[in-house]
Every structure is written in structure tokens, then in C-alpha cells.
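Residue-level listing of the chains:
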Amino acid sequence: MNRKRPRFTPVIFYAIAGTFGVYLTFAAVQGEYGLFRRIQIDADAAQLRDERDRLAADLVVLENNTRRLSDQYLDLDLLDQQARDVLGYVRGDEIVLR
């Protein structure tokens, strides 16, 4: 009665290797440096580039207005518009409707 006992060593080895493979796959997809995180970082970067471009356009407009209101170059129309917007000035011959 010499029976061979089943060997569990290969089963244990493949179970550990399979578990490790599943862990690495999960980490590659959803981990801190995974695929989903990379997609999120790319989307955030695109959004920040759009905001940077919008702010650069706003800066150009502000620089133009600043130059037009400087001592070297005074735009009277812009000065009148700013006085009306900021201070609420109205000429005596104008009618204000609210």
C-alpha cells in the first residue's frame, strides 16, 4: 500500500503566482501610478492649459487697457468708460434708466 500523496507544492506556487499577477494587474490599472490615474492627470493638464490660455488672453486685454490709461498715452474714451463703470458717473444731459 504504497500510495503517492498528492503534491500541493505546484498548486500553492501557481496560486501565489496568480494572486501576484492579479495584484500587479490591479495596480497597473487603478493604482497610484496606474492607467486611470494617468488619464485623470492628462485631463487635468488639458484643463489647466485651457485656463492658462484664457488667463493669457485676459492679461493681454488688461495690459492694453493699462497702456491706454497711462501717462504717455491717454485714451479719453476709455477713461470716460471706466469713470462711468467704476464710479457711476453720468453726464448732466443723460437720462439713466434702471
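Here the structure is shown first, and the text comes after it.
All figures in this text were calculated on a predicted structure; none of them were measured in a lab.

Enquirer: What should I look at first to understand the overall build of the chain in this one?
Expert: Looking only at helices and strands, the chain has three helices and zero strands in total. Moving toward the C terminus, one meets the helices and strands of the chain in the order α-α-α. Counting only C-alpha atoms, the chain reaches 120 × 35 × 15 Å along its principal axes. Within the span of the chain, comprising 98 residues, buried residues form 5% of the whole. For the chain, the exposed area adds up to about 9,600 Å²; of that, 60% sits on carbon and sulfur atoms. Computed over 14 positive and 15 negative side-chain charges, the separation of the two mean positions in the chain equals 25 Å.

Enquirer: Can you walk me through the pattern of salt bridges in this structure?
Expert: A pair can form between side chains of opposite charge whenever their charged atoms are brought close. All told, the structure shown has six salt bridges when counted by the stated rule. Residue Arg 52 pairs with Asp 53 through a salt bridge whose shortest N-O separation is 3.3 Å. Of the residues examined, Asp 53 reaches a relative accessible area of 43% and is grouped as partly exposed. Between Arg 54 and Asp 58 there is a salt bridge whose closest N-O contact spans 3.4 Å. With a gap of four residues between them, Arg 54 and Asp 58 both fall in helix α2 (residues 35–68), about one helical turn apart.

Enquirer: I'm lost on a nonpolar patch on the surface in this one. Help?
Expert: Together, Phe 8, Val 11, Ile 12 and Ile 16 give the surface a local cluster of nonpolar side chains, amounting to about 430 Å² of exposed area. Counting through the fold element by element, Val 11 comes out in helix α1 (residues 9–30).

Enquirer: Any chance you could explain the packing of aromatic side chains here in plain terms?
Expert: Each aromatic ring pair is described using two quantities: the centre-to-centre distance and the angle formed by the ring planes. Under the criterion given, the structure shown has one aromatic pair. Both rings, one in Phe 13 and one in Tyr 14, keep their centres 5.4 Å apart while their planes meet at 65 degrees; by these two values the pair is edge-to-face. Here Phe 13 matches Tyr 14 in class, with each residue exposed. Sitting above the plane of the Tyr 73 ring, Arg 67 keeps its charged end 5.0 Å from the centroid.

Enquirer: Quick question: what am I supposed to make of the environment of Phe 36 here?
Expert: Its place among the elements puts Phe 36 in helix α2. With relative accessibility at 45%, the residue Phe 36 sits in the partly exposed group.

Enquirer: Sorry if this is basic, but what is going on with the environment of Ala 45 here?
Expert: Mapping Ala 45 onto the fold places it in helix α2. The exposure class assigned to Ala 45 is partly exposed, which follows from its relative accessible area of 28%. Put simply, Ala 45 and Leu 59 are 14 residues apart on the chain and 21 Å apart in space, counted from C-alpha to C-alpha.

Each value, and the rule that gives it
- Residues numbered from 1 in each chain as written.
- Predicted model: local features only at pLDDT ≥ 70, side-chain atom pairs only at ≥ 80, totals over all residues.
- Heavy atoms only, no water.
- Helix = DSSP H or I, 4+ residues; strand = E, 2+ residues; numbered from the N terminus.
- Buried < 20%, exposed > 50% of the residue type's maximum accessible area, 1.4 Å probe, protein only.
- Areas by Shrake-Rupley, 256 points an atom, 1.4 Å probe, with all protein chains shown as cover.
- Lys, Arg positive; Asp, Glu negative; His and termini not counted.
- Charge placed at Lys NZ, Arg CZ, Asp CG, Glu CD.
- Salt bridge = Lys/Arg side-chain N within 4 Å of Asp/Glu carboxyl O.
- Patch = residues over 30% accessible without salt bridge, like charges linked within 9 Å, V, L, I, M, F, W, Y side chains within 5 Å.
- Phe/Tyr/Trp six-rings, centres within 6.5 Å; stacked < 30°, edge-to-face > 60°.
- Lys NZ or Arg CZ within 6 Å of the ring centre and 35° of its normal.

Spatial relationships are all this shows, so hold off on functional conclusions.
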